[in-house]
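Below are the chains, spelled out letter by letter.
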Amino acid sequence: MDERVVVAGAVYDRGRLLAARRSAPPELAGRWELPGGKLEPGENPREALVRELREELGVEAEPGERIPGEWPLGRGYVLQVWTVRLLSGEPRPLQDHDELRWLSRREWDSVDWLDQDVPAVVEAIRRL
Ligand code: DCM
């Protein structure tokens, strides 16, 4: 069942939330998301999130609390979101993204979020 989980991180730094613009696949390219990805076999969600943020952004990060809720992505996948604190590194778009942006509370709606990420982003912004 956990293989059908996509984990994403609400990465915070100095009162801002990190948004990442997808570069692929074509139907999602240009839309913004909370960075993350699918669990690999044997991983728990927190481990997967740490790995994904390392691969995609080149940072070491520590998951905190789970944002309550679970959002359907289609084909049986669901999105789960954790708050994340950066431990080291400056996020860079190494894989899957072509731009990153730090959004303040009043800027949260200035990018074209993936529809399924919006409820999680709203909750993440409330926790800023
Ligand atoms: N996904 C999403 N929202 C996120 C992260 C991922 O909707 N915050 C979706 C996009 C892909 C799938 O999950 O369809 C797997 O993501 P990835 O390709 O990054 O592994």
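This text follows the structure it describes.
This structure is a prediction, so every number in the text was calculated from the model and none was measured.

Visitor: Explain the overall build of the protein residue by residue, including any values.
Guide: For the protein, the count of helices and strands is 2 helices and 7 strands. Reading the secondary structure of the protein in the N-to-C direction produces β-β-β-β-α-β-β-β-α. Taking 2.2 N^0.38 as the reference for a compact globule, 128 residues should give roughly 14 Å; the C-alpha atoms of the protein span a radius of gyration of 13 Å, in line with that estimate. Taken along its principal axes, the extent of the C-alpha atoms in the protein is 35 × 30 × 30 Å. Counting every position in the protein, which comprises 128 residues, the buried fraction comes to 45%. By element, 47% of the accessible surface of the protein is carried by carbon and sulfur atoms, the whole surface being about 6,700 Å². Between the averaged position of the 19 positive side-chain charges in the protein and that of its 25 negative side-chain charges there is a distance of 4 Å.

Visitor: Go over unusual backbone geometry with me, naming the residues and quoting the values.
Guide: Put simply, A24 and P25 share a cis peptide bond, and its omega is -15 degrees. Here P25 lies in the loop between β2 (16-22) and β3 (32-33). In the Ramachandran plot, R14 falls in the positive-phi region, its phi being about 45 degrees despite a non-glycine side chain. Within the secondary structure layout, R14 lies in the loop between β1 (5-13) and β2. At R75, a position not held by glycine, the phi torsion is positive, near 50 degrees. By secondary structure assignment, the location of R75 is in the loop between β5 (60-74) and β6 (77-88).

Visitor: How would you explain the site of the ligand if you had to name every residue and give the values?
Guide: Looking at the ligand, there are 16 residues lining it, with R22, E33, L34, Q116 and D117 nearest. Contact between the ligand and Q116: an oxygen atom at 2.7 Å from a side-chain N or O atom of the residue. Protein contacts shield 85% of the accessible area of the ligand, which totals 440 Å² for the unbound molecule. Elements with a minimum of two residues in the shell around the ligand: β1 and β4 (36-38). The element contributing the most residues to the shell around the ligand is β4, with 3 residues.

Visitor: I'd like a description of the pattern of salt bridges, backed by residues and values.
Guide: Once their charged atoms are close, side chains differing in charge can pair, the charge on each being opposite to the other. Applying the stated criterion across every chain yields a total of 18 salt bridges. With a shortest N-O distance of 2.9 Å, E33 and R22 are connected by a salt bridge. Of the two residues, E33 is situated in strand β3 and R22 in strand β2; the sequence distance between them amounts to 11 residues. Note on accessibility: E33 and R22 belong to one class, buried. Each member of the salt-bridge network shares a partner with another, and the members are E40, E43, R51, E52 and E55.

Parameters at a glance
- Sequence order as written defines residue numbering, which begins from 1 separately in each chain.
- Residue-level local features of this predicted model are given only where pLDDT is at least 70; pairs of side-chain atoms are given and counted only at 80 or more, and the full residue set underlies all totals for whole chains, interfaces and linings.
- Excluded from the side-chain calculations are hydrogens and water; all other atoms, namely the structure's heavy atoms, are used.
- Elements are defined by DSSP. Helices are runs of H or I of four residues or more, strands are runs of E of two residues or more, and each kind is numbered from the N terminus.
- Note on method: radius of gyration uses C-alpha positions; expected globular size equals 2.2 Å times residues raised to 0.38.
- Only protein chains enter the area calculation, which uses a 1.4 Å probe; residues under 20% of their type maximum are buried, those over 50% are exposed, and those in between are partly exposed.
- Accessible areas in this description were obtained via Shrake-Rupley with a 1.4 Å probe; residue shielding takes into account the shown protein chains only.
- Positive charges come from Lys and Arg, negative ones from Asp and Glu, while His and the chain ends are left out of the count.
- Taken as the charge location is NZ of Lys, CZ of Arg, CG of Asp or CD of Glu.
- Whether a residue is near a molecule or strand depends on its heavy atoms: it is near if one of them lies within 4 Å of it.
- For the purposes of these results, a polar contact is taken to be a pair of N or O atoms within 3.5 Å, where, inside protein, one atom must be able to donate a hydrogen and its partner to accept one; residues adjacent in sequence count only when each atom of the pair is a side-chain atom.
- Whenever a carboxyl oxygen of Asp or Glu lies within 4 Å of a side-chain nitrogen of Lys or Arg, that contact is scored as a salt bridge.

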